[in-house]
Amino acid sequence: MKQMHSKHNIRIRILGAASGIGAKDHACEDGPVAFHHSQSWHELEHHPRIDWGRIVFAPQGEGKSTIGRIAELCRDLADEVVLAMQAGAFPLIIGGDHSIAIGTWSGVSRILGQPCGLLWIDAHLDSHTHETTYSGAIHGMPLACLLGRGDKRLLNIGLLGAQISAAHTVVLGPRSYEQEEIAFLQQFGVRIIDSEEIARRGFVACLDEAITIVAKSASGFGVSLDLDAVDPALAPGVGSPEPVGLVPQDVLDALLRVAGLSGLKALEIVEYNPVRDRYGITARLISDLIEQILPAATA
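Now for a look at the structure at hand.

Conventions adopted
- Residue numbers run consecutively from 1 along every chain, following the written order of its sequence.
- Restriction of local features to residues with pLDDT of at least 70 applies here, the model being predicted, together with a cutoff of 80 or more for giving and counting side-chain atom pairs; totals for whole chains, interfaces and linings are based on all residues.
- Computation of side-chain values covers all heavy atoms of the structure but excludes hydrogens and water.
- Segments assigned H or I by DSSP are reported as helices when at least four residues long, segments assigned E as strands when at least two residues long, and all are numbered from the N terminus.
- Radius of gyration: C-alpha atoms only; globule rule: 2.2 Å multiplied by the number of residues to the exponent 0.38.
- Using a 1.4 Å probe on the protein chains alone, a residue whose accessible area is under 20% of its type maximum counts as buried, one over 50% counts as exposed, and one in between counts as partly exposed.
- A 1.4 Å probe and the Shrake-Rupley method give the accessible areas. Residues count as covered only by the protein chains that appear here.
- When charges are counted, Lys and Arg contribute as positive and Asp and Glu as negative, whereas His and the chain ends are disregarded.
- By convention, the charge on Lys lies at NZ, on Arg at CZ, on Asp at CG and on Glu at CD.
- Pairs were defined over the aromatic rings of Phe, Tyr and Trp, the Trp ring being its six-membered one, requiring ring centres within 6.5 Å. Orientation was assigned from the angle between planes: stacked under 30 degrees, edge-to-face over 60, tilted for the rest.
- Contact definition: two residues touch when any of their heavy atoms are within 4.5 Å.
- This arc corresponds to the set of directions leading from the helix axis out to the C-beta atoms.
- Of the grid points, spaced at 1 Å and generated over the protein atoms alone, those admitting a 1.4 Å probe that cannot get out make up cavities, while open sets with protein on both sides within 12 Å along at least five of seven lines make up pockets; any residue with an atom within 4 Å of a point is treated as lining.
- Grid points are joined across faces, edges and corners, and a volume is the space filled by probe spheres set on the points.
- Here the nonpolar group is Ala, Val, Leu, Ile, Met, Phe, Trp, Tyr, Cys and Pro; Asp, Glu, Lys and Arg are the charged ones; every other residue, Gly included, is treated as polar.
- Axis lines are fitted through C-alpha atoms, for helices just across the contact stretch, and the angle between N-to-C directions can take any value from 0 to 180 degrees.
- Throughout, the term roughly parallel applies to angles under 35 degrees, roughly antiparallel to angles over 145, roughly perpendicular to angles from 65 to 115, and oblique to all others.
- Each crossing is labelled by how the near helix is turned from the far one, with a counterclockwise turn of less than a right angle marking it left-handed and a clockwise turn marking it right-handed.
- How far a helix is expected to stretch is found by multiplying one less than its residue total by 1.5 Å.
- For two strands to count as paired, DSSP must find a minimum of two bridges between them.

### Considerations on the overall build of the chain
For step 1, the next point in the chain: Secondary structure summary: the chain contains 11 helices and eight strands in total.
For step 2, the next point in the chain: Its C-alpha atoms give the chain a radius of gyration of 17 Å, within 12% of the compact-globule value 19 Å for 299 residues.
For step 3, the next point in the chain: By its C-alpha atoms, the chain is 45 × 45 × 40 Å across when sized along the principal axes.
For step 4, the next point in the chain: Within the chain, buried positions represent 59% of all 299 residues.
For step 5, the next point in the chain: Total accessible area on the chain stands at roughly 11,500 Å², and carbon and sulfur atoms take up 52% of it.
For step 6, the next point in the chain: In the chain, which carries 24 positive and 35 negative side-chain charges, the distance between the mean positions of the two groups comes to 8 Å.

See the structure below:
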């Protein structure tokens, strides 16, 4: 689909994806609404380049399977992403458990007409399938689904086959994962830069490599940021906290770096759990992250 809007009309359109059913703890379902009502959002909402679009919800569960409900939400989210991009806006999605990534990047790939690159910043690899999962939770499977492997109801939402280009996908910062996920991603050629490598090489060097890989995608690339990539002592409001992690400034610097690149198509910030947040610390981080991406809407 061809975009007919000139660069100077681009705005950031925030879309909420209120899903918690992809995780064992459903509290992330409240993340988008809680952020929308937070002081941190109210300080941003009058910015001339930012507008709040729709919040999509999973359908009620009567007679529907969890996977069926997630698939319906992801199709709805993909449609909203397409509408935003057709309108010349930059989609910024706030979730919601990480299963929503299936919808976000299916929408992006649909409008691009081909798979995109993806920088996946996360404490986890999210690359299980139903054959390898230990928990059965769908938020541990979205990257596999985006690569074309998983329950058929979660596939082919944007394109037939893979929604992202494995050769232009990097997982940055994982520190809790299973060997089955490593084997799966290695089979596809996805670059994994885990916390040990970051500690050894330094965050800036690892980020440089990651950006080089994803930015080579001819169709463009996106960023999927799971807030649990950050040290939970510094961002407690997350769905699946893991000890230690990245410092917020590194993540902010990373977004500022990619925001100025012409190939950047969308950003999602997921796994905001307001129940675990303290004094609005994590909501404030989300607001700061949105401000960092503003060059994508004004360049």
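### Section: the packing of aromatic side chains
For step 1, the next point in the chain: Applying the stated criterion to the full structure yields four aromatic pairs.
For step 2, the next point in the chain: Seen in terms of ring centroids, Trp 41 and Trp 52 are 5.0 Å apart; in terms of plane orientation they differ by 70°. Their pairing is edge-to-face. Linking Trp 41 in helix H2 (residues 39–42) with Trp 52 in strand S2 (residues 50–57), this pair joins segments that are 11 residues apart in sequence. Neither residue differs from the other here; Trp 41 and Trp 52 are each classed as buried.
For step 3, the next point in the chain: Ring-pair connections join several aromatic residues into one group, and the members of that group are Phe 35, Trp 41 and Trp 52.

### Points about the side chain of Gln 292
For step 1, the next point in the chain: By the element assignment, Gln 292 lies in helix H10 (residues 281–292).
For step 2, the next point in the chain: The class of Gln 292 is buried, set by a relative accessible area of 18%.
For step 3, the next point in the chain: Every residue in contact with Gln 292, bar those within four places of it in the chain, is listed here: Leu 252, Asp 253, Leu 255, Leu 256 and Ala 259.

### Remarks on helix H6 (residues 179–188)
For step 1, the next point in the chain: Among the residues of H6, Glu 181, Ile 182, Phe 184 and Leu 185 are the ones counted as buried. Considered in projection along H6, the buried side chains sweep an arc of 165° and stay on one side of the axis. For H6, exposure combined with an orientation more than 90 degrees from the buried face picks out Gln 179, Gln 186 and Gln 187.
For step 2, the next point in the chain: On the buried face of H6, the contacting elements are helix H5 (142–146), strand S5 (164–172) and strand S6 (191–193).
For step 3, the next point in the chain: Phi turns positive one or two residues past the end of H6, at Gly 189, with a value near 85°.

### Looking at the layout of surface pockets
Think of a ball as big as a water molecule: rolled over the atoms, this probe shows where empty space is left.
For step 1, the next point in the chain: Taken as a whole, the largest pocket spans an internal volume of roughly 380 Å³.
For step 2, the next point in the chain: As for the largest pocket, its lining consists of 22 residues, of which His 124, Ser 135, His 139, Gly 140 and Ser 240 are closest to the centre.
For step 3, the next point in the chain: Residues that form the lining of the largest pocket fall into these classes: four nonpolar, 10 polar and eight charged.

### So, the environment of Ala 58
For step 1, the next point in the chain: Relative to the helices and strands, Ala 58 is located in the loop between S2 and helix H3 (66–86).
For step 2, the next point in the chain: Here Ala 58 falls in the buried class, since its relative accessible area comes to 16%.
For step 3, the next point in the chain: Sequence-distant contacts of Ala 58, that is, excluding residues within four places in its chain, are made with Ala 18, Ile 21, Arg 69 and Leu 73.

### Quick word on the packing of H3 against helix H4 (residues 101–112)
For step 1, the next point in the chain: Between H3 and H4, the shortest axis-to-axis distance is 7 Å and the interhelical angle comes to 45°. Taken as axis vectors, H3 and H4 run oblique relative to one another. Between H3 and H4 the crossing geometry is right-handed. Counted together, Cys 74, Leu 77, Ala 78, Asp 79, Val 81, Val 82, Met 85 and Gln 86 of H3 and Ile 102, Gly 103, Thr 104, Ser 106, Gly 107, Val 108, Arg 110 and Ile 111 of H4 form the full contact between these two elements.
For step 2, the next point in the chain: Taken together, the residues of the contact of H3 with H4 break down into nine nonpolar, five polar and two charged.

### Describing H10
For step 1, the next point in the chain: For H10, with 12 residues, the first-to-last C-alpha span of 17 Å sits near the 16 Å given by 1.5 Å per residue.
For step 2, the next point in the chain: Restricting attention to buried positions, one finds in H10 the residues Thr 282, Ala 283, Leu 285, Ile 286, Ser 287, Leu 289, Ile 290 and Gln 292.

### Quick notes on the sheet that holds strand S3 (residues 90–95)
For step 1, the next point in the chain: Sheet architecture is open: eight strands sit in the order S2-S1-S3-S8-S7-S4-S5-S6, paired in parallel fashion. Each edge of the open sheet carries a strand with a single partner, namely S2 and S6. Strand-to-strand, the axes of this sheet are offset by a mean angle of 15°, without reference to chain direction.
For step 2, the next point in the chain: The pairing of S3 with strand S8 (residues 264–270) spans three bridges and is classified as parallel. Pairing of Ile 94 across the sheet is with Ile 269, part of S8.

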